[in-house]
Amino acid sequence: GGDMKVKIIDRLYVIKLFSGLTVMLFILAFALNQSAWGAGTSSSSSSSESESAAQKREQANEYFEEGKKLQEKWRYKEASKKYQRAVKIDPTYAEAYSNLGYTYRKQEKYDKAVSYYEKAIKLKPELAEAHEYLGEAYADMGKFDLAEKELAILRELGSDLTQKLADYIEKVRKQKKLIKLIR
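Numbering of residues begins from 1 in every chain and follows the order in which that chain's sequence is written. Note on the predicted model: pLDDT of at least 70 is required for a residue's local features to be given, and 80 or more for side-chain atom pairs to be given and counted; whole-chain, interface and lining totals, by contrast, use all residues. Note that the side-chain values use all heavy atoms of the structure and ignore hydrogens as well as water.

Colleague: Is there a simple way to explain the overall build of the protein chain in this structure?
Modeller: In terms of regular secondary structure, the protein chain is built from eight helices and zero strands. Ordered by position in the sequence, the α and β elements of the protein chain form the string α-α-α-α-α-α-α-α. By the burial criterion, 32% of the 183 residues in the protein chain qualify as buried. The contact criterion used throughout is that any non-hydrogen atoms of two residues lie within 4.5 Å. Considering only intrachain contacts with a sequence separation of at least 6, the fraction spanning at least 24 residues in the protein chain is 51%. Here a strand is any run of E in DSSP of at least two residues, a helix any run of H or I of at least four, and the numbering for each starts at the N terminus. Exposure classes here rest on a 1.4 Å probe applied to the protein chains alone. A residue is buried below 20% of its type maximum, exposed above 50%, and partly exposed in between.

Structure below.
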């Protein structure tokens, strides 16, 4: 039974080798992780800033979602309060500014609406919905030249909202002509 001993030794050796490799891999992974972590923290403020930025967006998003639900129920005044909270928590939240503008427009507070749309566009120039909403607000205000400018931007962005705004401008133009005829 001499070769039985060899098999046991082999098995022990394999186990030792395997556990040794596992430990080595673990240490290696840890070391790599540490160095990557170290690289990230060399500018320690930036990683904590981005983390707090993500946390801010997460908090703001809760209000954003609440605002959206109210907006869908045409409760614009309440919705605008939620969006106000969202942009107060996260002043970089372009979509929240855009929706805030929308809720003010629906309350016929056009100047406020326009300023919020512009803020959204400043933060995120490619945000098509803000251009569309702004174009609609300008049309509502009878500023068709400015509405057309937003339409041109949507065309350039290749947005699927282009037609929606074009139709809206056309509709408001006709309404305003009718009102003039009646008066």
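Back to the write-up after that little detour.
Colleague: Please explain the packing of aromatic side chains as it appears in this structure.
Modeller: Centre distance and the angle of the planes are the two values used to describe a pair of aromatic rings. The criterion for an aromatic pair is that two Phe, Tyr or Trp rings (for Trp, the six-membered ring) have centres within 6.5 Å, with stacked assigned to planes under 30 degrees apart, edge-to-face to planes over 60 apart and tilted to the rest. A full pass over the atoms with the stated rule returns seven aromatic pairs. Ring plane angle 70° and centroid distance 6.2 Å describe the contact between tyrosine 76 and tyrosine 102, whose orientation is recorded as edge-to-face. Pair noted here: tyrosine 76 is in helix H3 (residues 76–89) and tyrosine 102 is in helix H4 (residues 94–106), with a separation of 26 residues, a long-range link. Residue tyrosine 102 is classed as buried on the basis of its relative accessible area of 14%.

Colleague: Sorry, what's going on with the packing of H3 against H4 here?
Modeller: To describe two helices that pack against each other, one gives the angle between their axes and the distance between the axes. Axis definition: a line fit to C-alpha positions, over the contact stretch in the case of helices; interaxial angles, taken between N-to-C directions, run 0 to 180 degrees. Two numbers describe how H3 lies on H4: the axes approach to 9 Å, and their chain directions differ by 155°. What the angle tells us is that H3 and H4 run roughly antiparallel. Of the two elements, H3 crosses H4, and the hand of that crossing is left-handed. When H3 is examined against H4, the residues Tyr76, Ala79, Ser80, Tyr83, Gln84, Ala86 and Val87 are found in contact with a partner set consisting of Ala96, Tyr97, Asn99, Leu100, Tyr102, Thr103, Tyr104 and Lys106. Throughout, the term roughly parallel applies to angles under 35 degrees, roughly antiparallel to angles over 145, roughly perpendicular to angles from 65 to 115, and oblique to all others. Throughout, a crossing is termed right-handed when the near helix is turned clockwise from the far one, and left-handed when it is turned anticlockwise from it by less than a right angle.

Colleague: Before we go on, may I ask you to explain the pattern of salt bridges in this structure?
Modeller: Opposite charge on two side chains permits them to pair, given that their charged atoms come into close proximity. Each salt bridge in this description consists of a side-chain nitrogen of Lys or Arg and a carboxyl oxygen of Asp or Glu lying within 4 Å of one another. On inspection of all chains with the given rule, the structure shows eight salt bridges. The partner of arginine 75 in a salt bridge is glutamate 78, with the nearest N and O atoms 2.8 Å apart. We note a salt bridge from arginine 105 to glutamate 136, for which the minimum N-O separation is 2.6 Å. With arginine 105 in helix H4 and glutamate 136 in helix H6 (residues 128–140), the pair connects residues that are 31 residues apart, well separated along the chain. Just as arginine 105 is buried, glutamate 136 falls in that class too. Because the salt bridges share partners, they merge into one network encompassing Arg105, Glu136 and Asp140.

Colleague: So what exactly am I meant to see when it comes to the nonpolar core here?
Modeller: General note: in soluble globular proteins, nonpolar side chains tend to be found buried as a group. Throughout, nonpolar core names a set of buried Ala, Val, Leu, Ile, Met, Phe, Trp, Tyr and Cys residues whose side chains join them through atoms within 4.5 Å. Counting residues in hydrophobic clusters, the biggest one holds 40 residues, and the most contacted among them are Ala96, Leu100, Tyr117, Leu134, Ala139 and Ile169. Of all the secondary structure elements, the ones that give two or more residues to this core are helix H2 (44–72), H3, H4, helix H5 (110–123), H6, helix H7 (144–157) and helix H8 (162–182). Looking at this core element by element, the count peaks at seven residues for H6. For alanine 139, the contacting residues outside a window of four places in its chain are Phe144, Ala147, Tyr168, Ile169, Val172 and Lys176.

Colleague: Looking at this model, I keep getting lost on unusual backbone geometry. Mind explaining?
Modeller: The phi angle of most residues is negative, glycine excepted, and most peptide bonds adopt the trans form. Here tryptophan 74, not a glycine, exhibits a phi torsion of approximately 60°, which is positive. Positionally, tryptophan 74 belongs in the loop between H2 and H3. You will see that glutamate 108, though not glycine, has its phi angle at about 60°, which is positive. For glutamate 108, the location among the structural elements is in the loop between H4 and H5. Residue classification places glutamate 108 among the exposed residues on the basis of a relative accessible area of 59%.

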